[in-house]
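Commentary on secondary and tertiary structure
In case you want the letters, here they are:
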Amino acid sequence: MKKVPILKKGCSKFWYFTVVFLLWFLLLYFFFNSGSKLDKKDDFLLKHHYDNFVDTDESSFGGVNRNSNEETGHVASDSIMDMDTKATGNPVDNFFTGGDWDKYLREVSNAGKESKHENQIHLTENEARSINKVFGEGNREESGNARSTARENQVKKPFDHSLPREARRRRVKKPAREKRVKKQVDHSLPREEKVIEEVIEQPNKEDQIRRQTNSDSHPESCVGRYIYIHNLPSRFNGDLVRHCQSLNEWSNMCPYLSNFGFGPQLKNSERTLSNTGWYDTNQFMLEIIFHHKMKQYKCLTNDSSLASAIFVPYYSGLDVARYLWNADKKMKDYYSRHLVKWLRESPEWKRLWGSDHFMVAGRITWDFRRLTNNNNDWGNQLMILPESRNMTVLTIESSPWNNNDFAVPYPTYFHPSSDNEVFQWQNRMRRLKRQFLFSFAGGPRPDLPDSIRTDIIEQCQAAREKCLLLECITGSSNCYEPVNLMKMFQSSTFCLQPPGDSYTRRSTFDSILAGCIPVFFHPGSSYAQYLWHFPRDYTKYSVFIPANKIKDEKVSIERTLSRIPIQRVWAMREEVIKLIPGMVYADPSYGLETLKDAFDLTIDGVLERVEKIKMDIKAGKNFSEDIEEYTWKKNLFGTEGKHEWDHFFDRSKMIMY
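These lines cover the structure that appears in this document, whether it is placed above or below. (Residues numbered from 1 in each chain as written. Predicted model: local features only at pLDDT ≥ 70, side-chain atom pairs only at ≥ 80, totals over all residues. Heavy atoms only, no water.)

**Section: the nonpolar core**
The nonpolar side chains of soluble globular proteins are, as a tendency, buried together. With 87 residues, the main nonpolar core has Met-294, Phe-358, Phe-438, Phe-494, Phe-521 and Leu-561 as its most contacted residues. The element best represented in this core is helix H24 (residues 598–618), accounting for 6 residues. For Phe-494, the contacting residues outside a window of four places in its chain are Leu-437, Phe-438, Ser-439, Cys-516, Ile-517, Val-519, Val-543, Leu-561, Ile-564, Val-569 and Met-572. Of all hydrophobic cores here, the second largest spans 22 residues; its members include Trp-425, Ala-441, Phe-489 and Leu-513. (Core = buried A, V, L, I, M, F, W, Y, C linked by side-chain atoms within 4.5 Å. Buried < 20%, exposed > 50% of the residue type's maximum accessible area, 1.4 Å probe, protein only. Helix = DSSP H or I, 4+ residues; strand = E, 2+ residues; numbered from the N terminus. Contact = heavy atoms within 4.5 Å.)

As structure tokens, then:
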């Protein structure tokens, strides 16, 4: 019997495709449902990762993109682009294009974390670079510039509490104080070049504007007080500073030019000084200090016809110091002669032939008074040139016999920036308990037969616990340490000030600064010198013991000082402490308000002298050499008659102690 097939051949094919289709449909159906659930679940995870990536540090990340950081910014941008494309696409599509969904999620998550981490690291490095720029080189004053840069870049940088306390404090400095901050130094320069750039400020439009503003803003108080500053060629001042390494044959003077001639700041580690205002000031920096003080003078004018006096900013002391030990007299006199030639040709000079001109020579007068053309003689001839004799020359020690130079205080270590700093220091000196009756800081002068220093040292040693001796011997630096000197002066009631290589000493002003009563042995050490700064009645603030009585062993220093009544000692000490403001050169960036410092008193003296000269010229009065012989006596006592001090100033027996 023949079998009949259940399905025909064509029918079997139909059912075969039908079954395959159903199976395929079911497979797609179940797979699609599971994919939708996965999509919802992981869409939430993706959104969570994306939100964390952007919102956690969105502003910082935006700041990096705005800063156009090539490395981190590009990585972050690519990561966001990847997430935007893959997160909005169908996970099934990603799978069928060969993607691994779990791997994809891990990559998205890691990309977010890595980009966020890189962004944070980048900002930290930026902050570190800013902090290094502001504080790394010690220039903490530039923090305001760093903050301005951050604002311009729109980067919200957190306040770094890891910064030093001083740095944090300076970052919130009051605007009023910032206006008085000293000129900033470019710390990208080598140290010596920074000092040079700080000191050199050649006249420019800003200086001229400031001059005119100063004079215009004080019209009433500046009447009769206007001063014009000559714009000298740089070879007379700025070039000397640029070559500061050559100013001294034995030491580098460049550090002493820092802080506008004040020198490096002193630390108060032993609490002997104040916390601010103290510097390691070299005694021969007066020209630079005075010049910068002059630039801040409130009655400057740019119109020389309005000026009552004209300032010549020639750094004569820095100039001559290079050749004091040089036998070539041509080099000693070269700049001095070229200066007076330049002045002669200026219209300001021809008005009164220099009688209204003044300048600062920041060394003792004998460095500028070489009387012969002998190469071996000391100094140059600046002071004896005809043009210089017409000017008023300010020195740290003047000649008793000449009337064209006037003594002003040596620079001390203290340069206060406010009246309050002075008042606090004065009160502190009043409260000190002084252990020693007298003290002496100095060394013997065995090569000078008339010197009394050896006698003083012997008397101090004999007084034992009543005298404190700081002997300055070769190879010792004790006498050059400001803290050692100030500590000694503060512990003493009287400080001995005998002549040294010349009549005067810087030690006089350091001791007055410490409230110590000076004891002089020669009237040329003070009384015939600083007439604008010390009282004419020298007994109010000092003790005088004639040097010849010490030399003849007729006077005991200990016995003389011990017999002074305590009430008089207190009165003299109070007078000394009152002198302190007039002994210091205040910081020119700030200045004193109610007090007059050494600069102010000097300007008063110069203006008074120039006015007197103008009146004498109008009256037809002339000066002669005969008058100069008794200059010290006439200035101090107003007479030319005989005096008990005449033997101290016998010009024929002139001896430098």
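Alright, that's what it looks like, and here's the rest.
**A closer look at the environment of Leu-352**
Topologically, Leu-352 is positioned in helix H15 (residues 347–352). In this structure Leu-352 comes out as partly exposed when scored by relative accessible area, which is 24%. Separated by 38 residues in sequence, Leu-352 and Asn-390 have C-alpha atoms that sit 9.2 Å apart. If sequence neighbours within four positions are ignored, Leu-352 has contacts with Lys-614 and Ile-617.

**Brief notes about the pairing of strand S6 (residues 436–442)**
Most of S6 sits inside the fold, with 7 of its 7 residues counted as buried. With 3 bridges connecting them, S6 and strand S8 (residues 492–497) associate as parallel partners. Across the sheet, Ser-439 pairs through a bridge with Cys-495, a residue of S8. With 5 bridges connecting them, S6 and strand S7 (residues 467–471) associate as parallel partners. Residue pairing for S7: Ser-439 is matched across the bridge by Leu-468. Since S6 and S7 lie parallel, the crossover through helix H18 (residues 453–463) that links them has a hand, and here it is right-handed. (Pairing = 2+ DSSP bridges. Right-handed = clockwise from strand over helix to strand, strands pointing away.)

**Description of the sheet that holds strand S1 (residues 227–229)**
Judged by pairing direction, the sheet is parallel, and its 5 strands sit side by side in the order S1-S2-S3-S4-S5 without closing on themselves. The open sheet has two edge strands with one neighbour each: S1 and strand S5 (405–407). The average undirected angle you get between the axes of adjacent strands in this sheet is 30°. Judged from the 5 bridges that link them, strand S3 (residues 357–364) and strand S4 (residues 392–397) form a sheet pairing that is parallel. Its bridge partner being in S4, Ala-361 is matched across the sheet by Thr-395. Each of S1, strand S2 (309–312), S3 and S4 touches helix H12 (residues 286–295); the most contacted strand, S3, lies at about 150° to it. (Axes fitted to C-alpha atoms, helices over the stretch in contact; angles between N-to-C directions.)

**Structural notes on the packing of aromatic side chains**
With the rule as written, the count across this model stands at 28 aromatic pairs. For the ring pair Tyr-527 and Trp-645, a centre distance of 5.8 Å and an interplane angle of 15° mean the geometry is stacked. Placement of the pair is Tyr-527 in the loop between strand S9 (517–520) and strand S10 (543–544) and Trp-645 in the segment after helix H26 (631–637), with a sequence separation of 118 residues. The same class applies to Tyr-527 as to Trp-645, namely buried. Relative to Trp-645, the ring of Phe-637 lies with its centre 5.7 Å away and its plane at 55°, an arrangement referred to as tilted. Residue class for Phe-637 comes out partly exposed when judged on its relative accessible area of 35%. (Phe/Tyr/Trp six-rings, centres within 6.5 Å; stacked < 30°, edge-to-face > 60°.)

**With respect to helix H19 (residues 482–490)**
Most of H19 sits out of view: 7 of its 9 residues are buried. Residues of H19 that are buried include every one of Pro-482, Val-483, Leu-485, Met-486, Met-488, Phe-489 and Gln-490, and no others. The inward-facing, buried residues of H19 contact helix H17 (419–431), S6, S7, S8 and helix H20 (507–513).

**Digging into the state of the cysteines**
Considering all chains together, one arrives at 5 disulfides under this definition. Here Cys-244 is linked by a disulfide to Cys-254, with a sulfur-sulfur distance of 1.9 Å. The sign of the S-S torsion, about 95°, decides the handedness of the disulfide formed by Cys-244 and Cys-254: right-handed. Separated by 10 residues along the polypeptide, Cys-244 in the loop between helix H11 (238–242) and H12 and Cys-254 in the loop between H11 and H12 bring together distant segments of the chain. (Disulfide = S-S within 2.5 Å.)

**Overview of the pairing of S9**
Burial along S9 is two-sided: the face carrying Ile-517 and Val-519 and the face carrying Pro-518 and Phe-520 are both buried. Here 4 bridges tie S8 to S9, and the two strands are oriented parallel to one another. Each residue of the ladder has a partner; that of Leu-496, found in S9, is Val-519. Tracing the backbone out of S8, into H20 and back to the parallel element S9 gives a crossover that is right-handed. Examined bridge by bridge, S9 and S10 share 2 bridges and lie parallel to one another. In the sheet register, Val-519 faces S10, and the bridge partner there is Val-543.

**Section: the side chain of Glu-348**
Mapping Glu-348 onto the fold places it in helix H15. Reaching out from Glu-348, the side chain makes a polar contact with the side chain of Ser-304 at a distance of 3.2 Å. Dropping the residues within four chain positions of it, Glu-348 is found in contact with Tyr-228, His-230, Ser-304, Ile-310 and His-357. (Polar contact = N/O pair within 3.5 Å; in protein donor to acceptor, adjacent residues only side chain to side chain.)

Function-wise, these values are silent; they only describe arrangement.
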